[in-house]
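This is what each chain is made of:
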Amino acid sequence: EAGVAQSPRYKIIEKRQSVAFWCNPISGHATLYWYQQILGQGPKLLIQFQNNGVVDDSQLPKDRFSAERLKGVDSTLKIQPAKLEDSAVYLCASGNSGQRSRYGYTFGSGTRLTVV
Amino acid sequence: AQTVTQSQPEMSVQEAETVTLSCTYDTSESDYYLFWYKQPPSRQMILVIRQEAYKQQNATENRFSVNFQKAAKSFSLKISDSQLGDAAMYFCAYSFFTGANSKLTFGKGITLSVRP
């Protein structure tokens, strides 16, 4: 099966600019996650979608971050305006979390964002 | 809240030798999954091994095996016959099984280097 697709691979922007990341999950996976991974740390969940509804966005800085998942498939994560501390890798994952026999998560290759 | 602790930031192993990576977690739940992920410089988060909490038998995948101690809340990864390609960051992760609302919580990771 095809993996989780993410783009772009790299992005460099100046602070206060805006940026958007795109994710296409594995076909049939209802759950989609966006994680932020700061250099040297483990990934931190930003937002979780179930189909096109938000399940958990408690750690999403809503004053500058937004995300949507139209039609329950692709998702876009946006930052506006960006701050220096937003420099990180943004990982998208999709999950098959409803079936024990196939329980697991698949990650995309991530987008490395550098804010200068 | 569930937490995952990886207290060793770095480890090194000689090629062909065996190394064990440690992980502890905290949860009040009884039905959960534990994972070890490998993240090479390409940033792709690759599943190494998965353990279901209700299974007493330790999971194995070729050269990779775990020592799951449920009462002690310990979940270590053993890599046998280490290869140069095993060099990467390794993350321990926890997921409470709630069906569609499940999500992964990661530890801080450990950097494994393999000496030729």
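Note on numbering: residues in each chain are counted from 1, in written sequence order. Here the convention is simple: chains get letters from A, ligands get numbers from 1, in the order in which they are written. Confidence filtering applies because this is a predicted model: local features only for residues at pLDDT of at least 70, side-chain atom pairs given and counted only at 80 or more, and all residues used for totals across whole chains, interfaces and linings. Only hydrogens and water are set aside when side-chain values are computed; all heavy atoms of the structure are taken into account.

### Comments concerning the confidence of the model for chain B
Stage number 1. The pLDDT score gives, residue by residue, the confidence of the prediction method on a 0 to 100 scale. Averaged over all residues, the pLDDT of chain B is 92; the fraction at 70 or higher stands at 97%.
Stage number 2. Taking the mean pLDDT of every element in chain B, the minimum, 91, falls on strand β11 (residues 104-106) of chain B and the maximum, 98, on strand β3 (residues 19-21) of chain B. In this description a helix means any DSSP run of H or I spanning at least four residues, a strand means any run of E spanning at least two, and both kinds are numbered starting from the N terminus.

### Structural notes on the interface of chain A and chain B
Stage number 1. Taken together, the contact pairs 31 residues of chain A with 24 residues of chain B.
Stage number 2. The term buried area denotes the loss of accessible surface (1.4 Å probe radius) that occurs when two parts are joined, taken as the sum for both partners. The junction of chain A with chain B conceals about 2,200 Å² of combined surface from both sides, 47% of it contributed by carbon and sulfur atoms.
Stage number 3. Should a side-chain nitrogen of Lys or Arg be within 4 Å of a carboxyl oxygen of Asp or Glu, the pair is scored as a salt bridge. Summed over the shared surface of chain A and chain B, the result is 1 salt bridge.
Stage number 4. Where K103 of chain B meets D56 of chain A, a salt bridge forms, and the shortest distance between an N and an O atom there is 3.5 Å.
Stage number 5. Distance and chemistry together define a polar contact, namely a pair of N or O atoms within 3.5 Å, with one atom able to donate a hydrogen and the other to accept it when in protein, and with adjacent residues in sequence counting only for side-chain atoms on both sides. Our count for the chain A to chain B interface comes out at 11 residue pairs in polar contact (both at pLDDT 80 or more).
Stage number 6. When contributions to the side of chain A that touches chain B are tallied by element, the ones reaching two or more residues are β4 (31-37), β5 (44-50), β6 (53-56), β9 (88-96), β10 (104-107) and β11 (111-115) of chain A.
Stage number 7. In terms of residue count, β4 of chain A provides more of the side of chain A that touches chain B than any other element does, 4 residues in total.
Stage number 8. Tallied by class, the residues present in the side of chain A that touches chain B amount to 11 nonpolar, 15 polar and 5 charged. Whether two residues are in contact is decided by their heavy atoms: any pair within 4.5 Å suffices. Each residue gets one of three labels, nonpolar for Ala, Val, Leu, Ile, Met, Phe, Trp, Tyr, Cys and Pro, charged for Asp, Glu, Lys and Arg, and polar for the others, Gly among them.

### Some details on the pairing of strand β6 (residues 46-52) of chain B
Stage number 1. By the convention used here, strands pair only if DSSP detects at least 2 bridges between them. By the bridge criterion, 6 bridges tie strand β5 (residues 32-39) of chain B to β6 of chain B in an arrangement that is antiparallel. Bridge pairing in β6 of chain B places F35 of chain B opposite R50 of chain B.

### Quick notes on the pattern of salt bridges
All names here are of chain B.
Stage number 1. Following the criterion strictly, the structure yields 7 salt bridges over all chains and no others.
Stage number 2. Salt-bridge contacts for E52 lead to K55; the nearest nitrogen and oxygen are separated by 3.2 Å.
Stage number 3. Assessed through its relative accessible area of 41%, K55 is described here as partly exposed.
Stage number 4. Several salt bridges converge on common partners, so that one network encompasses R50, E52 and K55. Only protein chains enter the accessibility calculation, which uses a 1.4 Å probe. A residue is then buried if its area is under 20% of the maximum for its type, exposed if over 50%, and partly exposed in between.

### Here's the deal with the state of the cysteines
Stage number 1. Pairs of cysteine sulfur atoms within 2.5 Å are what we label disulfides. All chains considered together, the criterion is met by 2 disulfides over all chains.
Stage number 2. Each disulfide pairs two cysteine sulfurs, and for C23 of chain A the partner residue is C92 of chain A, the sulfurs being separated by 1.9 Å. Residues C23 of chain A and C92 of chain A are joined through a disulfide that is left-handed, its torsion about the S-S bond being -70°. Remark: C92 of chain A occurs in strand β9 and C23 of chain A occurs in strand β3 (residues 19-24); sequence separation between them is 69 residues. Here C23 of chain A and C92 of chain A have matching classes, each one buried.
Stage number 3. What pairs with C23 of chain B in a disulfide is C92 of chain B, and their sulfur atoms sit 2.0 Å apart. On the sign convention where negative means left-handed, the S-S torsion of about -70° between C23 of chain B and C92 of chain B marks this disulfide as left-handed. Within this pair, whereas C23 of chain B is found in the loop between β3 and β4 (24-26), its partner C92 of chain B is found in strand β10 (residues 88-96), the two being separated by 69 residues in sequence.

### Some details on the sheet that holds strand β8 (residues 75-79) of chain A
Residue and element names in this part refer to chain A.
Stage number 1. With antiparallel pairing, 4 strands are arranged side by side in an open sheet as β1-β3-β8-β7. Where the open sheet ends on each side, the last strands, each with one partner, are β1 (5-7) and β7 (65-68). Across this sheet, the average inter-strand angle for adjacent strands is 15°, counted without regard to direction.
Stage number 2. Two strands pair when backbone bridges link them, and β7 and β8 are joined in this way by 4 bridges, in the antiparallel orientation. Lines fitted to C-alpha atoms define the axes, with helix axes restricted to the stretch in contact, and inter-axis angles between N-to-C directions lie between 0 and 180 degrees.

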